[in-house]
Amino acid sequence: MIFEWIVSILLLLGGAFILIGSIGLNKMSDFFMRLHGPTKATTLGMAGILIAAMVYFSVTTDTISLKEILISIFLLITAPITGYMLIKAAIHHKLDAKKGTKGLDNIEED
């Protein structure tokens, strides 16, 4: 059926985004660069997997699945806030960054 193809494609895209985010977390050189993997790519990957689950359970049970929508909203709200708080903590503790990190001139001194 067509919904099985849609679910499969969404699962593959979500898994690919999560894999890319995990590789970025492992390969980047400092904390400031490493933070982009989990906050950006992994959030998109989880959204793809949750949309696939929503499509699958909506088709198989003949009702709209609202749990996945609530989980997606929660992830889309909390992931950027968590990333912001981690960056602020790193700046507060004066964590050193590599020379290639962009935006170091925008950090305000205490």
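Placed above this text is the structure.
Parameters and conventions
Residues numbered from 1 in each chain as written. Predicted model: local features only at pLDDT ≥ 70, side-chain atom pairs only at ≥ 80, totals over all residues. Heavy atoms only, no water. Helix = DSSP H or I, 4+ residues; strand = E, 2+ residues; numbered from the N terminus. Rg over C-alpha atoms; globule rule 2.2 N^0.38 Å. Buried < 20%, exposed > 50% of the residue type's maximum accessible area, 1.4 Å probe, protein only. Contact = heavy atoms within 4.5 Å. Areas by Shrake-Rupley, 256 points an atom, 1.4 Å probe, with all protein chains shown as cover. Lys, Arg positive; Asp, Glu negative; His and termini not counted. Charge placed at Lys NZ, Arg CZ, Asp CG, Glu CD. Patch = residues over 30% accessible without salt bridge, like charges linked within 9 Å, V, L, I, M, F, W, Y side chains within 5 Å. Salt bridge = Lys/Arg side-chain N within 4 Å of Asp/Glu carboxyl O. Phe/Tyr/Trp six-rings, centres within 6.5 Å; stacked < 30°, edge-to-face > 60°.

**With respect to the overall build of the protein chain**
Next up, step 1: Along the backbone of the protein chain there are 4 helices and 0 strands.
Next up, step 2: Secondary structure elements in the protein chain, listed N-terminal to C-terminal, are α-α-α-α.
Next up, step 3: The C-alpha radius of gyration computed for the protein chain amounts to 18 Å, which surpasses the reference 13 Å derived for 110 residues by more than 25%, pointing to a less compact arrangement than a globule.
Next up, step 4: Reported as C-alpha extents along the three principal axes, the dimensions of the protein chain are approximately 55 × 25 × 15 Å.
Next up, step 5: The buried share among the 110 residues of the protein chain stands at 22%.
Next up, step 6: Pairs at least 24 residues apart make up 67% of the contacts formed inside the protein chain by residues separated by at least 6 positions.
Next up, step 7: Carbon and sulfur atoms make up 71% of the accessible area of the protein chain, which amounts to about 8,300 Å² in all.
Next up, step 8: Looking at the protein chain, you have 9 positive and 9 negative side-chain charges, and the mean spots of the two groups are 8 Å apart.

**Quick notes on a nonpolar patch on the surface**
Next up, step 1: Together, Ile64, Leu66, Ile69, Ile73, Ile77, Ile81, Tyr84 and Met85 line one region of the surface with nonpolar side chains, adding up to about 840 Å² of accessible area.
Next up, step 2: The topology assignment puts Leu66 in the loop between helix 3 (36–61) and helix 4 (67–92).

**Remarks on the packing of aromatic side chains**
Next up, step 1: A full pass over the atoms with the stated rule returns 1 aromatic pair.
Next up, step 2: Seen from their ring centres, Tyr56 and Phe57 are 5.2 Å apart, and the 75 degrees between their planes marks the pair as edge-to-face.
Next up, step 3: On the basis of relative accessible area, Tyr56 is assigned to the partly exposed category, the value being 38%.
Next up, step 4: Its relative accessible area of 38% is what places Phe57 among the partly exposed residues.

**Focus on the side chain of Glu68**
Next up, step 1: Among the structural elements, Glu68 can be located in helix 4.
Next up, step 2: For the buried residue Glu68, which engages in no salt bridge, the nearest side chain bearing the opposite charge is Lys67, 6.0 Å off.
Next up, step 3: With residues near it in sequence (within four places) discarded, Glu68 still touches Leu50, Ala53, Met54 and Phe57.

Don't take any of this as a statement about function, it's just geometry.
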